[in-house]
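# Coordinate inspection notes
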Amino acid sequence: LGVLVRIAYVNITAERPQIVTYQIGDRVAYGDNFYERSDEQRNGYFLTVNRVRLVKTTDFAAEQGFSLPEAPAPGSPEAELFYVPEYMVDMEVTIENQGNTEGYIDLYHTRLISGSLDLWVDETIWDALYPHMMGDISFKLRENTEADMHLPFALNLSYKLNNLADVNDMTGRTFYLHVTQYPVQQLVEITL
């Protein structure tokens, strides 16, 4: 009984993050908030979601002028894990750095979530779109500069292999872009 009372007490008195929801076009300041570790140092960085659309990946590649990787030979070990999603969420953003000399943006934790549907920046599309990043989905901006970028969110391979979701599950839903988690959970509301 004592253990149950203690568990209930800890859960009731636990500190919860404040939740702030933004809309497309709002400028979101990272401030002293973080996603996973308090030493992320993103104060001075800002993110603005300018436009979001669901698009066929091949059409996006043609628009942006890059080539998607070709599938390996069927039956080869590489073919088993090769995956380029058929559709993606093209999120056009502006990222600014106003005076930050130490921090960086890590897109690994920047996720687009709707209920149990969790979209991450697709690394295959990211690598083809930004080959100069050499496979890294984290980056720094020079002080007092900004960059307009495309973030290619997509269903990952596990959704396809397990037949859990497809493009039809993405349309008509409200997603939330998770920018920071704590002490303020900052979300950008997005409807596809």
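Residues numbered from 1 in each chain as written. Predicted model: local features only at pLDDT ≥ 70, side-chain atom pairs only at ≥ 80, totals over all residues. Heavy atoms only, no water.

## A closer look at the pattern of salt bridges
Per the counting criterion, the structure on display carries seven salt bridges. The shortest N-O distance in the salt bridge between Asp90 and Arg53 comes to 3.0 Å. On the criterion of sequence distance, the pair formed by Asp90 in strand E4 (residues 87–97) and Arg53 in strand E3 (residues 45–56) is long-range, its members being 37 residues apart. Here Asp90 and Arg53 have matching classes, each one buried. In this structure, a network of salt bridges that share partners links the residues Arg53, Glu63 and Asp90. (Salt bridge = Lys/Arg side-chain N within 4 Å of Asp/Glu carboxyl O. Helix = DSSP H or I, 4+ residues; strand = E, 2+ residues; numbered from the N terminus. Buried < 20%, exposed > 50% of the residue type's maximum accessible area, 1.4 Å probe, protein only.)

## Digging into empty space enclosed by the protein
Throughout the structure, instances matching the rule amount to one cavity of 30 Å³ or more. Roughly 50 Å³ of volume is contained in the largest cavity. For the largest cavity, the full set of lining residues is Arg37, Glu40, Arg42, Tyr104, Asp106 and His109. In the lining of the largest cavity, the residues fall into one nonpolar, one polar and four charged. (1 Å grid on protein atoms, 1.4 Å probe; cavity = no way out; pocket = protein on both sides within 12 Å on 5 of 7 lines; lining within 4 Å. Points joined across faces, edges and corners; volume = space filled by probe spheres on them. Nonpolar A, V, L, I, M, F, W, Y, C, P; charged D, E, K, R; others polar.)

## What about unusual backbone geometry?
Note that the residue after Tyr182, namely Pro183, is joined by a cis bond; omega there is -5°. Along the polypeptide, Pro183 turns up in the loop between strand E10 (174–180) and strand E11 (184–191). In this structure, Met134 takes a positive phi of about 50° despite not being glycine. Among the structural elements, Met134 can be located in the loop between helix H4 (123–129) and strand E8 (138–139). One non-glycine residue, Asn144, lies in the positive phi region at around 60°. Mapped onto the secondary structure, Asn144 falls in the loop between E8 and strand E9 (145–154).

## Digging into the nonpolar core
Met91, Trp126 and Leu177 are the most contacted members of the largest nonpolar core, which has 47 residues in total. Apart from the residues lying within four places of it in its own chain, the contact partners of Met91 are Val49, Arg51, Val52, Leu112, Met149, His150, Leu151, Phe153, Leu177 and Ile190. (Core = buried A, V, L, I, M, F, W, Y, C linked by side-chain atoms within 4.5 Å. Contact = heavy atoms within 4.5 Å.)

## Re the side chain of Asp122
Relative to the elements of secondary structure, Asp122 occurs in the loop between strand E7 (117–121) and H4. Filtering out sequence-adjacent residues up to four positions away, Asp122 remains in contact with Pro85, Pro152 and Ala154.

## Quick notes on helix H2 (residues 57–64)
When H2 is considered as a whole, its buried residues turn out to be Thr57, Phe60 and Ala61. With its buried residues spanning 100° around the axis, H2 presents them on a single face. Structurally, H2 contributes buried residues whose contacts are with E3, E4, H4 and E9. At the C-terminal side of H2, Gly65 shows a positive phi close to 75°. (Arc of directions from axis to C-beta.)

## Some remarks on a nonpolar patch on the surface
A cluster of nonpolar side chains, Val3, Leu4 and Ile7, forms an exposed patch at the surface whose accessible area comes to about 310 Å². With respect to the helices, strands and loops of the structure, Leu4 is situated in helix H1 (residues 2–13). (Patch = residues over 30% accessible without salt bridge, like charges linked within 9 Å, V, L, I, M, F, W, Y side chains within 5 Å. Areas by Shrake-Rupley, 256 points an atom, 1.4 Å probe, with all protein chains shown as cover.)

Read these as geometric descriptors, not functional statements.
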